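Now for the letters of each chain:
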Amino acid sequence: MTNELDNELLSPEERKKHTLRAMVRGTYDLQKQRIMAGNRIVMQFRSRVLGIKGDQKEEDIDKDTKKVIDMMKVHYKNITKGIAAKLDDEFKKPSKRSFKGNEIISEYSELCMLHQYFELEAMEARGFRQIESVLDEHPIYTRFLRQVVGVGPALAGYIISEIDISKAPYPASLEKYIGIDVVMEIDPETGEITGSHGRSMRKEDMITVKYKAKDGTEKEKLSLTFKKDLRAKMIGVLASCFLRSRSPYSNNYYNYKNRISNAPEHKDKTLLHKHRMATRYMLKFFVRDLYIAWKYVSDMEIKPAYEAAKLGILHNGVTFDDYVKKFLLENVKDYDENTLKLAPYAG
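Residues numbered from 1 in each chain as written. Predicted model: local features only at pLDDT ≥ 70, side-chain atom pairs only at ≥ 80, totals over all residues. Heavy atoms only, no water.

**Q** Tell me what's going on with the side chain of glutamate 175, and back it up with residues and numbers.
**A** Topologically, glutamate 175 is positioned in helix α7 (residues 171-178). In this structure, glutamate 175 is in contact with Ile180, Asp181, Lys284 and Val287, ignoring residues within four places of it in sequence. (Helix = DSSP H or I, 4+ residues; strand = E, 2+ residues; numbered from the N terminus. Contact = heavy atoms within 4.5 Å.)

**Q** Give me the layout of surface pockets: which residues, what numbers.
**A** In this structure, the largest pocket spans a volume of roughly 1200 Å³. Around the largest pocket, the lining comprises 34 residues; the ones closest to its centre are Ile180, Asp181, Val182, Arg280 and Lys284. Sorting the residues of the lining of the largest pocket by element identifies α7, β1 (182-186), β2 (193-198), α8 (228-244), α9 (250-261), α10 (271-297) and α11 (306-311) as the ones contributing at least two each. At nine residues, α10 tops the list of elements feeding residues into the lining of the largest pocket. Residues of the lining of the largest pocket, tallied by class, amount to twelve nonpolar, nine polar and 13 charged. (1 Å grid on protein atoms, 1.4 Å probe; cavity = no way out; pocket = protein on both sides within 12 Å on 5 of 7 lines; lining within 4 Å. Points joined across faces, edges and corners; volume = space filled by probe spheres on them. Nonpolar A, V, L, I, M, F, W, Y, C, P; charged D, E, K, R; others polar.)

**Q** I'd love a proper account of the packing of α10 against helix α12 (residues 320-331), names of residues and values included.
**A** For the pair α10 and α12, interaxial distance at closest approach is 11 Å and the crossing angle is 75°. Comparing their axes, α12 and α10 come out roughly perpendicular. Taking contact as the criterion, the partners of Arg288, Asp289, Ile292, Ala293 and Tyr296 in α10 are, on α12, Phe320, Tyr323, Val324, Phe327 and Leu328. Here the residues of the contact of α10 with α12 are counted per class, giving eight nonpolar, no polar and two charged. (Axes fitted to C-alpha atoms, helices over the stretch in contact; angles between N-to-C directions. Parallel < 35°, antiparallel > 145°, perpendicular 65-115°, else oblique.)

**Q** Can you explain the packing of aromatic side chains? Please cite residues and give values.
**A** Applying the stated criterion to the full structure yields twelve aromatic pairs. Where tyrosine 28 meets tyrosine 158, the ring centres are 5.8 Å apart and the plane angle is 85°; that geometry is what we call edge-to-face. Here tyrosine 158 lies in helix α6 (residues 153-162) and tyrosine 28 lies in helix α2 (residues 12-50), a separation of 130 residues in the sequence. Each of the two residues, tyrosine 28 as well as tyrosine 158, counts as buried. Judged by centre distance (5.0 Å) and plane angle (90°), the rings of tyrosine 253 and tyrosine 254 are edge-to-face. Put simply, the rings of Tyr28, Phe128 and Tyr158 touch in pairs and so form one group of aromatic residues. Taking NZ or CZ as reference, lysine 233 lies 3.9 Å from the ring centre of tyrosine 28, over its face. In this structure, arginine 288 packs its charged tip against the face of tyrosine 323, placed 4.3 Å from the ring centre. (Phe/Tyr/Trp six-rings, centres within 6.5 Å; stacked < 30°, edge-to-face > 60°. Buried < 20%, exposed > 50% of the residue type's maximum accessible area, 1.4 Å probe, protein only. Lys NZ or Arg CZ within 6 Å of the ring centre and 35° of its normal.)

**Q** Break down the nonpolar core for me, citing the residues and quoting the values.
**A** Phe144, Leu145, Phe286, Leu290 and Leu328 are the most contacted members of the largest nonpolar core, which has 61 residues in total. In terms of residues, this core owes the most to one element, α10, which gives 15 residues. For leucine 145, the residues in contact, after removing those within four places along its chain, are Ile140, Val151, Ala156, Ile160, Phe286 and Leu290. Counting 13 residues, the second-largest nonpolar core is a separate cluster that includes Phe99, Leu111, Leu114 and Leu120. (Core = buried A, V, L, I, M, F, W, Y, C linked by side-chain atoms within 4.5 Å.)

**Q** Could you give an account of the side chain of arginine 199, with specific residues and numbers?
**A** Among the secondary structure elements, arginine 199 is positioned in the loop between β2 and β3 (207-212). We classify arginine 199 as buried; its relative accessible area is 10%. Within the structure, arginine 199 has its side chain in polar contact with the side chain of aspartate 181 (distance 2.8 Å). (Polar contact = N/O pair within 3.5 Å; in protein donor to acceptor, adjacent residues only side chain to side chain.)

**Q** Just give me the short version of the environment of phenylalanine 242, but keep the residues and values in it.
**A** Residue placement: phenylalanine 242 occurs in helix α8. On the accessibility criterion, phenylalanine 242 (0% relative accessible area) is buried. Every residue in contact with phenylalanine 242, bar those within four places of it in the chain, is listed here: Val148, Val149, Gly150, Val151, Ser247, Tyr249, Ser250, Met282, Leu283 and Phe286.

**Q** Can you break down the pairing of β1 residue by residue, with the values?
**A** Pairing of β1 with β2, which is carried by five bridges, proceeds in the antiparallel orientation. Considered in β2, the bridge of methionine 184 is made with serine 196. Between β1 and β2, which pair antiparallel one after the other, the connecting turn spans six residues, and glycine 191 there sits at a positive phi close to 80°. (Pairing = 2+ DSSP bridges.)

**Q** Pulling in residues and values, what's your account of the packing of α7 against α10?
**A** α10 packs onto α7 with a crossing angle of 125° between their chain directions and a minimal axis gap of 9 Å. Overall, the two elements α7 and α10 adopt an arrangement that is oblique. As for the relative orientation of α7 and α10, their crossing is right-handed in sense. Contact residues: Pro171, Leu174, Glu175 and Ile178 in α7; Lys284, Val287, Leu290 and Tyr291 in α10. Along the lines of polarity and charge, the residues of the contact of α7 with α10 split into six nonpolar, no polar and two charged. (Left-handed = near helix turned anticlockwise from the far one by under 90°.)

As structure tokens, then:
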């Protein structure tokens, strides 16, 4: 956590980013509380609303949540409609004196429970609106992310606040930080590459890092190479948004999934395994574009992707320089080739 003294040493841009990060994390914390409160409401009311017995399996609860919450909103509004002017000054909810229940909300305490949920829901919505209002201060949002189909203000705020693009010299550096890179499997005896797999939290995918213990001595420990929460948000949320919105990035998912589904070497992989492979493949295209756009709007040098540095071309056969120029022209607002800084490479 940055203290007041540290905050004074930050540049204006860094201070904006720290503030955005605090807003984003705070709003997502509210979202977690709201979800937990919603699950409690479902447990309390699902038998009355849906006629479900109490021995329902826990994994089925999520299927009922939206249905129960939507129905409880109707009952809550019906009870509070006629007494909206008689609010308790302390809690801003219908007072106990004016409460009249119905067949679903029969107790005043249940009305208070619902009131807490709707208050959390309103606070969460306000939080995300406020995040959107400050995103205009960040060029990567106004000039690129705002136009990306599937990336809403909440996700954009999370990406901007959790990634320091100055610490990613190459597109592959950003992939590794997010946790969507591929780990080479090397034979310990011969040193030859025997295969590869998507990076995970397995012990063999971790790296050894040094740290200073409480007693002042330097020690070593195994550590992840990526930010776990960021990876979860990119794979679990952003990828789903791309697929649901039919974002242009989703074409990479479907094309790759079709390709590996018909490849003999992948015939033994499960559908889930293939989905994860295609998801990672799709996100790599977005991360590469995010790297290019963010470096450009930040007036930083753009270094080539791995395949371009080694082979001189990308997968689609174009040079990296040509891809960068075409991408920026078509996707980044106010692009000026005269301000572009491209690092030289083998191609």
